[in-house]
Amino acid sequence: MPPSDKTAGGGSGGSVAVVGGWKTTFGSNYEAVASYRISLGVLLFVELVSRFQYLHAFYSDEGTLPLRLLLPKTYPLYQI
């Protein structure tokens with residue numbers, strides 16, 4: 001590619017040069033992105049599994065805010 005085509009406004013290769021500029025600026029490749037996505041997925045899965053021990057406390061009527069305490073404090077329109 002000639003040097004004049006590497007600028008953003010120069011010739012027919014302008015859009016390709018902008019993409020190439022982003023790639024050289026951030027410098028990521030497919031392996032790095034793949035390993036990031038895998039590690040993020042593992043981290044989110046571990047977080048989800050670790051929250052299972054609190055399911056009963058937050059999602060049952062015996063938990064942090066039972067309905068017998070919540071219902072008297074709600075607006076009557078929401079109790080329908």
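Residues numbered from 1 in each chain as written. Predicted model: local features only at pLDDT ≥ 70, side-chain atom pairs only at ≥ 80, totals over all residues. Heavy atoms only, no water.

Draft legend 1. Broad picture of the overall build of the chain. For the chain, the count of helices and strands is four helices and zero strands. Secondary structure of the chain in N-to-C order comes out as α-α-α-α. Burial statistics for the chain: of 80 residues in total, 9% are counted as buried. For the chain, the accessible surface area stands at approximately 7,400 Å², while carbon and sulfur atoms represent 67% of it. (Helix = DSSP H or I, 4+ residues; strand = E, 2+ residues; numbered from the N terminus. Buried < 20%, exposed > 50% of the residue type's maximum accessible area, 1.4 Å probe, protein only. Areas by Shrake-Rupley, 256 points an atom, 1.4 Å probe, with all protein chains shown as cover.)

Draft legend 2. Just the pattern of salt bridges, in detail. With the rule as written, the count across this model stands at one salt bridge. Between Glu-47 and Arg-51 there is a salt bridge, with its nearest N and O atoms 3.1 Å apart. For Glu-47, a relative accessible area of 38% corresponds to the partly exposed category. Exposure remark for Arg-51: the relative accessible area of 53% places this residue in the exposed category. (Salt bridge = Lys/Arg side-chain N within 4 Å of Asp/Glu carboxyl O.)

Draft legend 3. Here's a closer look at a nonpolar patch on the surface. A cluster of nonpolar residues, Ile-38, Val-42, Phe-45, Val-46, Leu-48, Val-49, Phe-52, Tyr-54, Leu-55, Phe-58 and Tyr-59, forms a patch on the protein surface that exposes about 1,200 Å² of accessible area. For the nonpolar patch, the secondary-structure elements that each account for two or more residues are helix H2 (30-50) and helix H3 (55-59). Assignment of secondary structure puts Phe-58 in helix H3. Note on Phe-58: relative accessible area 54%, which makes it exposed. (Patch = residues over 30% accessible without salt bridge, like charges linked within 9 Å, V, L, I, M, F, W, Y side chains within 5 Å.)

Draft legend 4. Quick peek at the confidence of the model for the chain. Scored by pLDDT, the chain has a mean of 76; 68% of the residues are at 70 or more. Averaged pLDDT values for the elements of the chain fall to 64 in helix H1 (residues 14-26) and rise to 94 in H2. (pLDDT = per-residue confidence, 0-100.)

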